[in-house]
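# Architecture at a glance
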Amino acid sequence: YYNLNDKYLFNNFIVGKSNEFAHAASEAVANAPGKVYNPLFIYGGVGLGKTHLMHAIGNSVLKNNSNKKVYYCSSEQFTNDLINSLKNDKMMEFRSKYRKLDLLLIDDIQFIAGKDSTQEEFFHTFNELHQAGKQIVLSSDRPPKEIDNVEKRLVSRFEWGLIADIQQPDYETRVAILSKKAEMENIKISKEVLEFIAETINSNIRELEGNLNRIVAKASILKKEINIDLVKDVFYDVVKRNNKVVNKDKIIKVVSEYYEISIEDMISSKRKKDIAKSRQVAMYLLRDILSESFSAIGGIFGGKDHTTVMHSVSKIEKDMKENKYFEKDIMSLKEKILNNSN
Ligand code: ADP
Ligand code: MG
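Residues numbered from 1 in each chain as written. Chains lettered and ligands numbered in written order. Predicted model: local features only at pLDDT ≥ 70, side-chain atom pairs only at ≥ 80, totals over all residues. Heavy atoms only, no water.

Moving on: the packing of helix α3 (residues 75-87) against helix α5 (residues 116-131). For the pair α3 and α5, interaxial distance at closest approach is 10 Å and the crossing angle is 100 degrees. In terms of orientation, α3 lies roughly perpendicular with respect to α5. For the pair α3 and α5, the contacting residues are Phe-78, Thr-79 and Leu-82 in the first and Ser-117, Thr-118, Glu-121, Phe-122 and Thr-125 in the second. Across the contact of α3 with α5, the residue classes break down as 3 nonpolar, 4 polar and 1 charged. (Axes fitted to C-alpha atoms, helices over the stretch in contact; angles between N-to-C directions. Helix = DSSP H or I, 4+ residues; strand = E, 2+ residues; numbered from the N terminus. Parallel < 35°, antiparallel > 145°, perpendicular 65-115°, else oblique. Contact = heavy atoms within 4.5 Å. Nonpolar A, V, L, I, M, F, W, Y, C, P; charged D, E, K, R; others polar.)

With that out of the way, let us pick up the pattern of salt bridges. By the definition in use, this model includes 20 salt bridges. Put simply, Glu-128 and Arg-99 hold a salt bridge, and the shortest N to O gap is 3.9 Å. Taken together, the positions of Glu-128 in helix α5 and Arg-99 in helix α4 (residues 91-99) put the pair 29 residues apart, joining distant regions of the chain. What makes Glu-128 partly exposed here is its relative accessible area of 40%. Its salt-bridge partner being Lys-318, residue Glu-322 comes within 3.9 Å of it at the nearest N-O pair. Taken together, the residues Glu-322 and Lys-318, both in helix α15 (residues 306-322) and 4 residues apart, mark about one turn of the helix. Taking relative accessible area as the criterion, Lys-318 reaches 47% and is therefore assigned partly exposed. The network of salt bridges with shared partners includes Arg-95, Arg-99, Glu-121 and Glu-128. (Salt bridge = Lys/Arg side-chain N within 4 Å of Asp/Glu carboxyl O. Buried < 20%, exposed > 50% of the residue type's maximum accessible area, 1.4 Å probe, protein only.)

Residues in contact with ligand 1 amount to 17 residues; listed here are only the nearest, Ile-14, Gly-47, Lys-50, Thr-51 and His-52. Separating an oxygen atom of ligand 1 from a backbone N or O atom of Gly-47 is a distance of 2.7 Å. Here an oxygen atom of ligand 1 sits 3.2 Å away from a polar atom, N or O, in the main chain of Leu-48. When the free accessible area of ligand 1 is taken as 550 Å², the share hidden by the protein chains comes to 93%. For the shell around ligand 1, the elements supplying multiple residues, two or more each, are α2 (50-64) and α9 (205-222). (Near = heavy atom within 4 Å. Polar contact = N/O pair within 3.5 Å; in protein donor to acceptor, adjacent residues only side chain to side chain. Areas by Shrake-Rupley, 256 points an atom, 1.4 Å probe, with all protein chains shown as cover.)

Annotation from UniProt places "coiled-coil region" (unreviewed entry) at residues 198-225. Counted over residues 198-225, helix gives 75% and strand 0%. Its end C-alpha atoms are 19 Å apart. (UniProt positions renumbered as here; feature names shortened; annotations may be inferred.)

When the UniProt feature table is mapped onto this chain, "domain: Chromosomal replication initiator DnaA C-terminal" (unreviewed entry) is found at residues 247-316. Helix makes up 76% of residues 247-316 and strand 0%, and the two end C-alpha atoms of the span are 20 Å apart.

Turning our attention to the packing of helix α11 (residues 248-259) against helix α13 (residues 273-290). Interhelical geometry of α11 versus α13 gives an angle of 145 degrees and a closest axis separation of 10 Å. In the crossing of α11 with α13, the sense of the turn from one axis to the other is right-handed. Note on element contacts: α13 touches α11 through Ser-278, Val-281, Ala-282, Leu-285, Leu-286, Ile-289 and Leu-290, opposite Lys-248, Ile-251, Val-255 and Tyr-259. When its residues are assigned to classes, the contact of α11 with α13 shows 9 nonpolar, 1 polar and 1 charged. (Left-handed = near helix turned anticlockwise from the far one by under 90°.)

Encoded structure:
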């Protein structure tokens, strides 16, 4: 029923200038659901903590009263649920599920734009909950007025309660976030290095986290301490990745040369052991370096199913865990791909 992630809590949400208003509003709502601001509408760019705050509200409400009916979903999940219920003649269940809640959290509400039947159904859900004094919390990447292709009556309801925005974090908040994360995860890293990261990564919090994770991973694989040079190395990789200097052809070519397997064979469905291995490695690296989707990778390899790709990638991950030499091999292949490309 809840669909909540118990890792997203108020006590691990770091507050700074950029998010203090949304944070305070969220806590107020969590402490008195349905009583203060209804709906609460949180908006801001990607990776700034909207989803984190929504789960934190849900978790906090449940902690205060485990009998509360709480449900979190994205607006796409709401839409899918609606479509399935319509198809399977289950609208009674759908309505009783959503309209009997004490707290409904819908993430990324901007995606109901242009979906008329979702908007119609959500309109009634909203009214029912609101009239019964039940709390609604919505998030979006932009303020209500800027969401195009949504009915006026919905936009105006989005504005009934409180609208709270989250901004990009300022330098102090970025340093605070990094220090707290390092402290929570027992990562040995000096203040100087943290400040260097916070200066360099000035976008969103997901980027900060992602880079910190990359740095920690690199240090642990190379069995080195985290210092400025290592951090610079990681950033250099990221810059290359972002500049798309590394592309899929490059990755396949390097793997093909390394294993001395022709690209044609790698793309084929041949099951010979060494061919299959080089194919799995290439799939793994496409995923690891470019974050390609499993189905996109399947497409590159002659239309293989995404589950096949998933298996290949986890096979390589498992082999790397179990065999240090193989892990070193893959790391050096990766270095080759990232360094040879210009
Ligand atoms: P959004 O939904 O706005 O795109 P998320 O809530 O998914 O962003 O946040 C991205 C990542 O950054 C998550 O791992 C989240 O825990 C983390 N994060 C965001 N804001 C904070 C914060 N103020 N304190 C701690 N972690 C945060
Ligand atoms: Mg989100």
